[in-house]
Amino acid sequence: MPRVNIALALSVSTIASGFLLAGCPSPNPPDSAANNSSTATPAANSTTTASSAKGLKIGSLLPTTGDLASIGQQMSGSVPLLVDTVNACGGVNGQPVTLVQVDDQTDPKAGAAGMTKLATLDKVAGVVGSFASSVSTAAVSVATPNKVMLVSPGSTSPVFTEKAQKGDFKGFWARTAPPDTYQALALAQLAKKKGFKRVSTVVINNDYGVGFEKAFVQTFEKLGGTVVNKDKPIRYDPKAQTFDTEATAAFAGKPEAVLAVMYAETGSLFLKAAYQQGVTKGVQILLTDGVKAPTFPDQVGKGSDGKYILSGAIGTVPGSDGKALAAFNKLWQEKKGGVPGEYAPQAWDAAALLTLAAQAAKENTGVGIANKIREVADGPGTEVTDVCEGLKLLKEGKKINYQGASGNVDVDANGDVVGVYDVWTVGDDGKIKVIDKVSPK
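Keep in mind that what you see is a predicted model, and the values were worked out from it rather than measured.

Draft legend 1. Highlighting the side chain of Ser268. Its location among the elements puts Ser268 in helix α10 (residues 264-277). Residue contacts for Ser268: discarding those within four places in its chain leaves Tyr263, Phe296, Gln299 and Val300.

Draft legend 2. How the structure looks around the confidence of the model for the chain. The predicted model of the chain has a mean per-residue pLDDT of 88, with 87% of residues at 70 or higher. For the stretch residues 1-23, pLDDT sits under 50, and the model shows 62 contacts to residues farther than four places along the chain or on other chains.

Draft legend 3. Local environment of the state of the cysteines. What the rule picks out here adds up to one disulfide. Bridging Cys89 to Cys388, the disulfide has an S-S length of 2.2 Å. One disulfide, between Cys89 and Cys388, carries an S-S torsion of -85 degrees and so falls in the left-handed class. Here Cys388 lies in helix α15 (residues 387-395) and Cys89 lies in the loop between α3 (78-88) and β4 (98-103), a separation of 299 residues in the sequence.

Draft legend 4. Layout of the environment of Val423. With respect to the helices, strands and loops of the structure, Val423 is situated in strand β16 (residues 421-426). Sequence-wise, Val423 and Ala186 are 237 residues apart; in three dimensions their C-alpha atoms are separated by 9.2 Å.

Draft legend 5. How the structure looks around α10. Between its first and last C-alpha, α10 extends 20 Å over 14 residues, near the 20 Å set by a 1.5 Å rise per residue. Among the residues of α10, those classed as buried are Ala264, Thr266, Gly267, Ser268, Phe270, Leu271, Ala273 and Ala274. Elements that come into contact with the buried residues of α10 comprise α2 (69-75), β8 (198-204), β10 (234-236), α9 (244-250), β12 (284-287) and α11 (296-300). Directly after α10, the chain includes Gly278, whose backbone phi takes a positive value near 80 degrees.

Draft legend 6. A look at the environment of Val387. The residue Val387 is located in helix α15 in this model. The exposure class assigned to Val387 is buried, which follows from its relative accessible area of 4%. Taking the C-alpha atoms as reference, Val387 lies 7.5 Å from Leu356; in sequence the two are 31 residues apart. If we ignore the near neighbours within four places in the chain, the residues touching Val387 are Leu82, Thr85, Val86, Ala352, Thr355 and Leu356.

Draft legend 7. A look at unusual backbone geometry. The omega torsion of the bond from Gly129 to Ser130 falls at -15 degrees, within 30 degrees of zero and hence cis. With respect to the helices and strands, the residue Ser130 is situated in the loop between β5 (126-129) and α5 (133-143). A positive phi angle, near 55 degrees, is found at Thr106, a position not held by glycine. Mapped onto the elements of the fold, Thr106 is located in the loop between β4 and α4 (108-121). Classification of Thr106 by relative accessible area gives buried; the value is 12%. The backbone of Lys123 shows a phi angle near 55 degrees, a positive value even though the residue is not glycine. Relative to the helices and strands, Lys123 is located in the loop between α4 and β5.

Draft legend 8. Representation of α3 within the structure. Of all the residues in α3, the buried ones are Ser78, Val79, Pro80, Leu81, Leu82, Val83 and Val86. Looking at the residues trailing α3, positive phi occurs at Gly90, about 110 degrees.

Draft legend 9. The arrangement of the packing of aromatic side chains in detail. Applying the stated rule across the entire model yields eleven aromatic pairs. Seen in terms of ring centroids, Phe131 and Tyr343 are 4.7 Å apart; in terms of plane orientation they differ by 65 degrees. Their pairing is edge-to-face. Taken together, the residues span a long stretch of sequence, with Phe131 in the loop between β5 and α5 and Tyr343 in the loop between α12 (325-335) and α13 (344-361) at a distance of 212 residues. Using a relative accessible area of 0% as the deciding quantity, one classes Phe131 as buried. Take Tyr343: its relative accessible area is 2%, and that puts it in the buried class. Taking the centre distance of 4.3 Å and the plane angle of 15 degrees together, the rings of Phe160 and Trp173 count as stacked. Taken together, the positions of Phe160 in helix α6 (residues 159-165) and Trp173 in strand β7 (residues 173-175) put the pair 13 residues apart, joining distant regions of the chain.

Draft legend 10. Up close: the side chain of Ser155. Checked against the element boundaries, Ser155 lands in the loop between β6 (149-152) and α6. Looking at Ser155, its side chain comes within polar contact range of the side chain of Ser136, at 2.7 Å.

Reading guide: rules and limits
The residue numbers shown here count from 1 along each chain, following its written sequence. This being a predicted model, a pLDDT of at least 70 is required before a residue's local features are given, and a value of 80 or more before pairs of side-chain atoms are given or counted; all residues contribute to the totals for chains, interfaces and linings. Side-chain numbers here rest on the full set of heavy atoms in the structure, without hydrogens or water. Helix and strand labels come from DSSP, where a helix needs a run of H or I of at least four residues and a strand needs a run of E of at least two; each type is numbered from the N terminus. Contacts are assigned to residue pairs with any non-hydrogen atoms lying within 4.5 Å of each other. The quantity known as pLDDT measures the predictor's confidence residue by residue, on a range of 0 to 100. Any two cysteine sulfur atoms lying within 2.5 Å of each other are counted as a disulfide. A helix is expected to span 1.5 Å for every residue after the first. When a residue's accessible area, from a 1.4 Å probe over protein chains only, is under 20% of the maximum for its type it is buried; when over 50% it is exposed; and in between it is partly exposed. A pair of Phe, Tyr and Trp rings is counted when the ring centres sit within 6.5 Å of each other, with Trp represented by its six-membered ring. The angle between the planes then sorts it: under 30 degrees is stacked, over 60 is edge-to-face, the rest tilted. Polar contact is defined as a pair of N or O atoms within 3.5 Å, subject to the rule that within protein one atom must be able to donate a hydrogen and the other to accept it, and that residues adjacent in sequence are counted only when both atoms are side-chain atoms.

As structure tokens, this is what we get:
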């Protein structure tokens, strides 16, 4: 594919209104303290950071193995970093915070088992997780009846908004990444601005993929475009290992572009199969956050000409522009070295909201966190970017409005936030480069 040069200035507010009330994605173990003890269940590996049994106990349910491991491994360090920071400045409600980390393996069954362990055995009050929307769907069905507050840093399916509106979660659900309703709007606008009139879709067959597909199709058609395979959508099995049939079908009908909503491991196999069939030539590949990892172009590989197969592909991913981002990046560099990966700021903010809400409630329970999380995220109090400053003010009986690393994390009644998106492309050297930002406001 040719190199793509874009000067993009998206404005999606004119078409966002129709979606605002309607609404990706999932191998070393995560970092932990030196005195950690580890246990294992048949479903998922678990690591516990030892602390006071009387204090706040939270969990993380994130993929460090499986289809989303390449992204999950980048974000898994944020939660223990936040807990260490909070404990260094006095903890929550006068006691250190305990963290129990579980690998959900990018698998709904493992996620449900991991959430069950966290809720019933570890008896956590809140959990950061999951990443894959299908895993969060399984996890929240366990968290809600057990009154555990679940805050996802990356499950972006619009289905969660719909279920929250119906009261299915009873307030025990929120997320720090915006729903794919907005990302679908951005990609539909991008396709329109690029002059594409005929686009086909191929998606992973789960809440993330199907929800994204539906929002994109509706928006692109409103913009005057045609979705070539609308009546015969291509939705592949998350457990599949061969994709020849799906690749042929997705590129049939002479589309000018193909929207591929995938996870990295299976997505790389699909795109490689499509290239080997020769069907990608002259067709623009549109990608999403589920594959935006530095290793993905190498996973897909190079063609017979020695060039990266993904060269010229473009995509979107929830970005970060919060007031606390610079301080978070600095802390990450000091403690871990390098630059935090995708969704690391969202994971930090999810853990921050759990601790701040517990302090605001003056109790270490899921009910207390659920009752106060919106107040600390989008309340009338003093704006704070430092979690320790926020905890200090709350201990003094004052109100705060937390401004996060990922964004302002103004959680609404459905547990949703509105964020910004990075627009990215794959260069001829196989490097992913962010070329613009877009905010659906």
